[in-house]
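Residue-level listing of the chains:
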Amino acid sequence: MEAQTGSETRLDVLATAEAWRTGGRDVAIATVMETWGSAPRPVGSHLVVDADGNFEGSVSGGCVEGAVVAEAIDVIGDGTARMLEFGVADETAWRVGLSCGGRIRVYVEKLD
């Protein structure tokens, strides 16, 4: 199996979003807009979510990913896009086993 570059992975997630929409699913897409400090996924990373909570891609990981999926389901329901921000202070990050803090900003919108 060949390794994928970041842009190929992004294209796969966008292709999934298109396929799900074509198949009749209601879909939202989350995009990493900004990062500060430590962030597991770079700007431009995508997560596609359907109304049933199925998802593909990644914007962060762990608890953040779950929160973004939940927000995406709400966005599908009400059609209102949201800008989300998540962060961990350096001292908190160290206590939970992370080497440093960071913040990410994620935009979630419904695809029509």
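Residues numbered from 1 in each chain as written. Predicted model: local features only at pLDDT ≥ 70, side-chain atom pairs only at ≥ 80, totals over all residues. Heavy atoms only, no water.

Q: For this particular structure, what's the right way to read the side chain of Asp50?
A: You can see Asp50 is positioned in strand β2 (residues 46-50). Polar side-chain contacts of Asp50 include one of 2.9 Å to the side chain of Arg25. Polar contacts involving the side chain of Asp50 include one to the main-chain amide nitrogen of Asp52, which spans 3.0 Å. Beyond its immediate sequence surroundings of up to four residues, Asp50 is in contact with Trp20, Arg25, Asp26, Val27, Ile73 and Ile76. (Helix = DSSP H or I, 4+ residues; strand = E, 2+ residues; numbered from the N terminus. Polar contact = N/O pair within 3.5 Å; in protein donor to acceptor, adjacent residues only side chain to side chain. Contact = heavy atoms within 4.5 Å.)

Q: Which parts of the structure should I look at to understand the confidence of the model for the chain?
A: Detailed reading of the predicted coordinates is not advisable wherever pLDDT is low. This prediction gives the chain a mean pLDDT of 83; 78% of its residues lie at or above 70. Averaged pLDDT values for the elements of the chain fall to 53 in helix α3 (residues 90-95) and rise to 97 in β2. Low pLDDT, under 50, characterises residues 1-6; the predicted model gives this stretch three contacts beyond four residues in sequence or across chains. (pLDDT = per-residue confidence, 0-100.)

Q: Looking at this model, I keep getting lost on the packing of aromatic side chains. Mind explaining?
A: Given two aromatic rings, one states the distance between the centres and the angle between the planes to describe the pair. Enumeration according to the criterion identifies zero aromatic pairs in this entry. In this structure, Arg25 is placed above the aromatic ring of Trp20, and the distance from its NZ or CZ to the ring centre is 4.4 Å. For the cation-ring pair, Arg103 lies above Trp36, with the distance from its terminal atom to the ring centre recorded as 4.3 Å. (Phe/Tyr/Trp six-rings, centres within 6.5 Å; stacked < 30°, edge-to-face > 60°. Lys NZ or Arg CZ within 6 Å of the ring centre and 35° of its normal.)

Q: Help me understand the nonpolar core in this model?
A: Looking at soluble globular proteins, one finds that nonpolar side chains tend to be buried together. Among the nonpolar cores identified, the biggest contains 16 residues, and Ala28, Ala30, Leu47, Val59, Val68, Val106 and Val108 are the most heavily contacted of them. Put simply, the parts of the chain that give this core at least two residues each are β1 (27-37), β2, α2 (62-78) and β5 (102-111). When neighbours within four sequence positions are excluded, Val68 is seen to be in contact with Ala30, Leu47, Val59, Leu84, Phe86, Val106 and Val108. Counting residues in each nonpolar core, the second largest holds five residues, with Val13, Trp20, Val27 and Val48 among its members. (Core = buried A, V, L, I, M, F, W, Y, C linked by side-chain atoms within 4.5 Å. Buried < 20%, exposed > 50% of the residue type's maximum accessible area, 1.4 Å probe, protein only.)

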